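Survey of secondary and tertiary structure
If you want the building blocks of each chain, they are given just below.
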Amino acid sequence: MAVLWLVPLLVLPTFLLGVFVWVVFEHFRTADVPAALQHPVKFRFLHCIFLYAITLGTIFEKLGICSMPKFVRFLHDRMGRKKDHKLVVTNLCFGTVPVRLFQPKAASSSPRRGIIFYHGGGGIFGSLDCYHNVCSFLAQETDSVLLLVGYRKLPDYRSPVISQDCLSASIHFLRGLETYGVDPRRVVVCGESLGGGLVAFITQTLVGRSDLPSIRAQVLVYPVVQLINLQLPSFQQNQDVPFLARKFMVTNICRCMSIDLSWRDAILNGTFIPPDTWRKYRKWLSSDNIPERFKGRGHQPRFPGPFNEAAYLEAKCILDVENSPLLIDDETIAQLPEAFLVSCENDILRDDALLYKKRLEDQGVRVTWYHVEDGFHGSLILFDMAPFSFPCSQKIVNAVVSYIKGI
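An account of the accompanying structure is given in this report. Keep in mind that what you see is a predicted model, and the values were worked out from it rather than measured. (Residues numbered from 1 in each chain as written. Predicted model: local features only at pLDDT ≥ 70, side-chain atom pairs only at ≥ 80, totals over all residues. Heavy atoms only, no water.)

**Quick notes on the side chain of lysine 357**
By the element assignment, lysine 357 lies in helix α13 (residues 350-362). Judged by relative accessible area, which is 17%, lysine 357 ranks as buried. For lysine 357, the contacting residues outside a window of four places in its chain are Leu341, Val367 and Trp369. (Helix = DSSP H or I, 4+ residues; strand = E, 2+ residues; numbered from the N terminus. Buried < 20%, exposed > 50% of the residue type's maximum accessible area, 1.4 Å probe, protein only. Contact = heavy atoms within 4.5 Å.)

See the structure below:
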């Protein structure tokens, strides 16, 4: 009988080791690690850990134990929070939306700058704990009151809950700025990845609201501002670069928008786009808007593919401005506040930033652009995770801090 108790003890480590061996094989089979990246061995190791967590989560999900998103978030949240000796940190709920408020302890003779931060993670990953250290650093270094929005996400909530949560929390905060000691003339909205797209959507939505303080500036770190043209040069050049491969991104789009996964190829190839819609928006979405120096690698195929009406009926929500804020009208764009845009060379979303930069500049909006040649998607959150941080991570954080301090 005693031998039977040993079976689970032997099976579990063997299972975990087997999954990790498969993950390492899969990494070397599919991942593209650009030569420009610093510390490639560290980069490969982190990607293997990332794949390992997703793979285990997927297995647990299929076994009915736990959903993959919740499992990965659980692991990420265990990475630890740093103590905030110079901040008062308060967990609140604005209605049904969990938020975390960071306020400097030191007294101030005048109202402070305010920052509203929307985290990344594609509607799957990310949390208040996951982004705690980034937001704590931003609040301390810029001497600002910062609100981190913990919008609801998969698997329990899908689009449009994410954008509506962020909009509701932002309006709630803007209406109570005096309570938090924030100067209504100096409110900055900031976001990373999906959070960057939320910055674009929310600043657009709040344009012309006379009942609310105006947003002073917007900070978009490698943002998602369109989900339509996934054949831009950066999507081709960096389609297999961790931590946001193109196939993984399309899968996330389908999950967040309740689109059946069988339509992934139609989304990738643009066959869900009606011809008249493409003619209307091509001037903003075409790779013709990308500077020539970014087109050196890869070839632009014919886009979009032959129109598929069934695909359009399934995926037409992608064309909503809420999901692709790049498509907002010129009149709204022209009224937006100045912007700070961060793009990374080794990121499929690089060209999203470039397209949005052009849209803003064409309508006279002041844009400060910071391009990171050795940067990659998701690098922001690694800035203080020694020994797994990268030089590009610190560059991005420092650039964002420097810009916000100038507001």
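So, next bit.
**Some words on the environment of valine 11**
For valine 11, the location among the structural elements is in helix α1 (residues 2-30). A C-alpha to C-alpha distance of 46 Å links valine 11 and lysine 316, two positions 305 residues apart in sequence.

**Let's talk about the pattern of salt bridges**
Inspection of the entire model under this criterion finds 20 salt bridges. Two residues, aspartate 330 and arginine 359, come together in a salt bridge whose shortest N-O distance is 2.3 Å. Of the two residues, aspartate 330 is situated in helix α12 (residues 330-334) and arginine 359 in helix α13; the sequence distance between them amounts to 29 residues. You can call aspartate 330 partly exposed: its relative accessible area is 30%. For arginine 359, a relative accessible area of 4% corresponds to the buried category. Members of the salt-bridge network, linked through shared partners, are Arg175, Arg209 and Asp211. (Salt bridge = Lys/Arg side-chain N within 4 Å of Asp/Glu carboxyl O.)

**Topic: helix α8 (residues 246-256)**
Counting buried positions along α8 yields eight of eleven residues, so the element is predominantly enclosed. Looking at the buried positions of α8, the neighbouring elements they touch are α7 (233-237) and α9 (264-269). Looking one or two places after α8, you find serine 258, whose phi comes out positive at around 55°.

Any link to function would need more than the numbers given here.
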